[in-house]
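Spelled out from the first residue to the last, the chains are:
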Amino acid sequence: MILQSGVRRFAVGERRLSIKRIAVLFGLIASTVWAQSNTGELRLEVRDPSGHPAQAAVHLVSKANQYRNALVTSDQGALDVRRLPFGIYDLEISKPGFAVVSESLEIQSAIPLDRTIQLRLPTVNQSVTVNAAGTLIDPDQAGTVTQVGSEVIQTRLASLPGRSLQDLVNSQPGWLYEGNAVLHPRGSEYDTQFVVDGIPLTDNRSPSFGPEIDADDLQSMSIYTAGFPAEYGRKMGGVVELNTVQDTQPGFHGQVVLSGGSFDTAGVFAEGQYTWGKNTLGASASGGTTGHYLNPVVPENYTNTGTVGDFSLHYQRDLSPRDRLSINARHELSRYDLPNEQIQQNWCHVSGLTSAGPCQRQNADNFETMGTVSFQHTFSPNVVADFRGMVRNNANHFWSNDLSTPILVFQHNWFNEGYLKGAVTIDHGHNEWKAGVESDNIFLNENFRYLIPNLPMDTSQFDPSNPLTFAFAANRPDLEQAAFVQDLIRWGDWTVNAGLRWDHYQLLLNRQATSPRLSIARFFPSENLILHFSYDRVFETPSFENILLSSSTAAANLDTISLQLPVQPSVGDYWEAGLTKGWFKNLRLSANYFRRDVNNYADDDQIYNTTISFPIAFQKAIIYGADGKIDFPEWKRFSGFVSYTYTVGNAWFPVTGGLFLGDDAVIPTSGHFPDSQDQRNTVRARVRCQVTRRFWLAGGVQFDSGLPFDFEGTYQEALAEYGQQVVNRLDFPAGRIDPSFQVNVSAGVDIHRSDHWNTQFQVDGENLTNVLDVIDFGGLFSGNAIGPSRSVAARLTTNF
């Protein structure tokens, strides 16, 4: 990210005017993160030939970023387009009675790019015709960053409540699901970091652990699996930057989405934003319900209802041309049942006990309230500072009824968090320097207890030494601080991003680490080709869900299987080498080889098939593989992608932490095994055809070669517990779940389109092959999980 005030030319596609201005943030004291790592801002002014402000239509397009937006300047000819992913954009400005003005801009800095356009009369048409194909590849990108734009978000496949965001991420190369939509980037467990409008959330955001941010609330996403900027730390398996802020269009604008489909699923989303003068006020709300919230453990999908809700409010004011203040508040919730196994559903009826419904009933909920504030100050055209802060409360609860088997579990955990970060960006010649500091203070509270009913069918599943009752309560602060500095250098066709990060972690352990980061890329204009290499040293703090119990002496009294020592932070070396190449001005290939060597490899274990998990760490893990993606953002009537991922992962004993109950939980103290994300082959593809101006069709496939499993029981025990359908999908000699192949189709139509409001209707058919998608099976560390059967969903969207 070099900050320049001059003009620069690139031989990528057609002739373009590149304007670069960059700024960097230096954190004075722990105060927030500046805007996201690779987003900038365009501040546009449009004037007529006499120099007076002019209201005009603005079209901004970037194929590489899947970005396409139609906007209108204010009466004063002004327009701010915020949170633009770094890259090359085609800008087109039109107004009746004047010539169309077209040019290309390069956004490569967090510092706003100021651009003034003066219209010309048609008789003096000096517009430059720019081919949008020139935005297919960003020659200044130091590594692979996957962009997901608004059009892909709006026409995505339907999702069950609680996982629309995760489904979007899971469609990208290098990512895969385990049960309950837990994302795993390149074999990493619970190491996904979501950065929401510049604020990092490092806790588990899957449906069974935390409320989601609805995908309809997103404007764009940027996804990293390597080449991480030094400003990011703590959870480094993958980083997902989320932009929920709309562009500030004058007046009132918004969106309403109604959806519904199979499994008694229904949802609603609404948002509105009003801009007047220097002020912008916006709000959004969503709610959903379904009969298929989590991944059930048997095909019958017993007791699996769920309800989610979300409300957010944001206000922004430009205090001056140099100062901007933003305030945001969000409240989210989820309530759901835990899916039963066969015996948990019916055992009491067989035993002659009375129950009006299913025998076992386990329920859980999660509530979260969050407030953020940010302030940005521009010192000069080359220096910008940005400060952000967050306060958050998160609470989750778990209950079991008296007929639960083989164990009654109860949990009430909550935490309060205060986060501050600040940074400064300074441009000097070919260098863009960034430096900042951050502080995250989380105050953990754990309250857990269990009861093993004194019945033969229950007690027989546990070691005789396990107590029939147990309770644990504790609280402790998790204090983490960090500082970073990085320099992004652009010199000719070379781009280098070098950084250094320092982390300090203090919970049950007191640890600190220094992590160097390096990304190098070389652009070959004649071939439209980028070669890149990256090295990331990472320091990853353990998951804090139940970490106090998992690392306590109380847990040591329950089992002697794991080493009941405090779970250590993970320390690893990530390597990646790859290329990006454009063909025919419309086709782009990205291919990468990666390797990850991690000490104290993070994972978790669950209590049977509940959502209660405990952090663990294996001695080490080695993960390597390759992934690639071919996409064509716009090729005549067609757009789409196909991606492939190959992964091999192994983890080494012994294991630290966890809470292992049961006489079958026998864990080796040495040796290695395929880690639970060791899926060798993963394919995702989707193609969309714009049949007419208002009607489109799309189709896609999903192939998973199957995760490993290690079932301690016999074939007959598996048959009795999970049924013939599930057992038929398992390869017991190989210890692998059988491959699954799913087909999906979609169709969409524009019901109404005008300058003031648009309405679209979309229908999706998913898993049309109706394969029984066994995701996880009977593992000590992962439990059971089965994906949805054939389903249909519909969505009606109105924008105004």
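Up top you'll find the structure we're talking about.
Draft legend 1. Geometry of the overall build of the protein. Counting secondary structure elements, the protein contains eight helices and 44 strands. A total of 800 residues make up the protein; the buried ones form 61% of that total. Of the contacts made within the protein by residues no fewer than 6 positions apart, 70% connect residues no fewer than 24 positions apart. By element, 59% of the accessible surface of the protein is carried by carbon and sulfur atoms, the whole surface being about 29600 Å².

Draft legend 2. Structural view of the pairing of strand 34 (residues 638-657). Counted residue by residue, strand 34 has 14 buried out of 20 residues, so it is predominantly covered. Note that strand 33 (residues 613-635) and strand 34 share 17 bridges and pair antiparallel. Counterpart to Phe618 in the pairing with strand 34 is Val655. Following strand 33, the chain reverses through two residues before pairing antiparallel with strand 34; Lys636 in that reversal takes a positive phi of roughly 55°. As defined by bridge partners, strand 34 adjoins strand 36 (residues 681-690) across nine bridges and the pair is classed as antiparallel.

Draft legend 3. The sheet that holds strand 8 (residues 87-94), seen in detail. Across the sheet, which stays open at both edges, the four strands sit in the order 6-5-8-9 with antiparallel pairing between neighbours. Strands at the two margins of the open sheet, each flanked by one partner only, are strand 6 (67-72) and strand 9 (101-107). Mean inter-strand twist for the sheet, computed between neighbouring axes without regard to direction, equals 20°. In this structure, strand 5 (residues 57-62) lies alongside strand 6, joined through six bridges in antiparallel fashion. Among the inter-strand pairings, Val58 is bridged to a residue of strand 6, identified as Leu71.

Draft legend 4. Fine view of the packing of aromatic side chains. Across all of its chains, the model carries 23 aromatic pairs by this definition. Consider the rings of Tyr67 and Tyr89, whose centres lie 5.7 Å apart with planes at 80°: the pair is edge-to-face. Of the two residues, Tyr67 sits in strand 6 while Tyr89 sits in strand 8, which places them 22 residues apart along the sequence. The pair formed by Tyr67 and Tyr89 is uniform in burial state, with each residue classed as buried. With centroids separated by 6.2 Å and ring planes inclined at 35°, the aromatic side chains of Phe584 and Trp635 adopt a geometry described as tilted. In this pair, Phe584 sits in the loop between strand 31 (570-583) and strand 32 (587-606) while Trp635 sits in strand 33, placing the two residues 51 residues apart along the sequence. Put simply, the rings of Phe709, Phe711, Tyr715, Tyr722, Phe732 and Phe777 pair up and form one aromatic cluster. For the cation-ring pair, Arg596 lies above Tyr574, with the distance from its terminal atom to the ring centre recorded as 4.0 Å.

Draft legend 5. Up close: the sheet that holds strand 15 (residues 199-201). Spatial ordering of the open sheet is given by 11-16-17-14-15, a layout of five strands whose pairing is mixed. Each edge of the open sheet carries a strand with a single partner, namely strand 11 (145-148) and strand 15. The mean angle between the axes of side-by-side strands here comes to 20°, regardless of whether they run parallel or antiparallel. With five bridges joining them, strand 16 (residues 220-224) and strand 17 (residues 238-243) adopt antiparallel strand pairing. By the bridge assignment, Ser220 is partnered in strand 17 with Asn243.

Draft legend 6. Region of the structure containing unusual backbone geometry. Following Thr405, the chain continues to Pro406 via a peptide bond in cis, the omega torsion being 0°. Phe653 connects to Pro654 through a cis peptide bond whose omega is 10°. Counting through the fold element by element, Pro654 comes out in strand 34. For Arg83, which is not a glycine, the phi torsion comes out positive at approximately 55°. The residue Arg83 is located in strand 7 (residues 78-85) in this model. A positive phi angle, close to 55°, is found at Phe584, a residue other than glycine.

Draft legend 7. Here's a closer look at the pairing of strand 17. In terms of residue burial, strand 17 counts as a mostly covered element, since six of its six residues are buried. Pairing between strand 14 (residues 192-196) and strand 17: five bridges, direction parallel. Bridge pairing in strand 17 places Val195 opposite Glu241.

Draft legend 8. Molecular detail of the pattern of salt bridges. For the structure shown, the criterion picks out 41 salt bridges. Between Arg522 and Asp493 there is a salt bridge, with its nearest N and O atoms 3.7 Å apart. Of this pair, Arg522 sits in strand 29 (residues 510-524) while Asp493 sits in the loop between strand 27 (469-491) and strand 28 (494-506), and the two are 29 residues apart along the sequence. Exposure remark for Asp493: the relative accessible area of 29% places this residue in the partly exposed category. Taken together, the shared-partner salt bridges connect Glu41, Arg43, Asp80, Arg82, Asp318 and Arg324 into one network.

Rules of the game
- Residues numbered from 1 in each chain as written.
- Predicted model: local features only at pLDDT ≥ 70, side-chain atom pairs only at ≥ 80, totals over all residues.
- Heavy atoms only, no water.
- Helix = DSSP H or I, 4+ residues; strand = E, 2+ residues; numbered from the N terminus.
- Buried < 20%, exposed > 50% of the residue type's maximum accessible area, 1.4 Å probe, protein only.
- Contact = heavy atoms within 4.5 Å.
- Areas by Shrake-Rupley, 256 points an atom, 1.4 Å probe, with all protein chains shown as cover.
- Pairing = 2+ DSSP bridges.
- Axes fitted to C-alpha atoms, helices over the stretch in contact; angles between N-to-C directions.
- Phe/Tyr/Trp six-rings, centres within 6.5 Å; stacked < 30°, edge-to-face > 60°.
- Lys NZ or Arg CZ within 6 Å of the ring centre and 35° of its normal.
- Salt bridge = Lys/Arg side-chain N within 4 Å of Asp/Glu carboxyl O.

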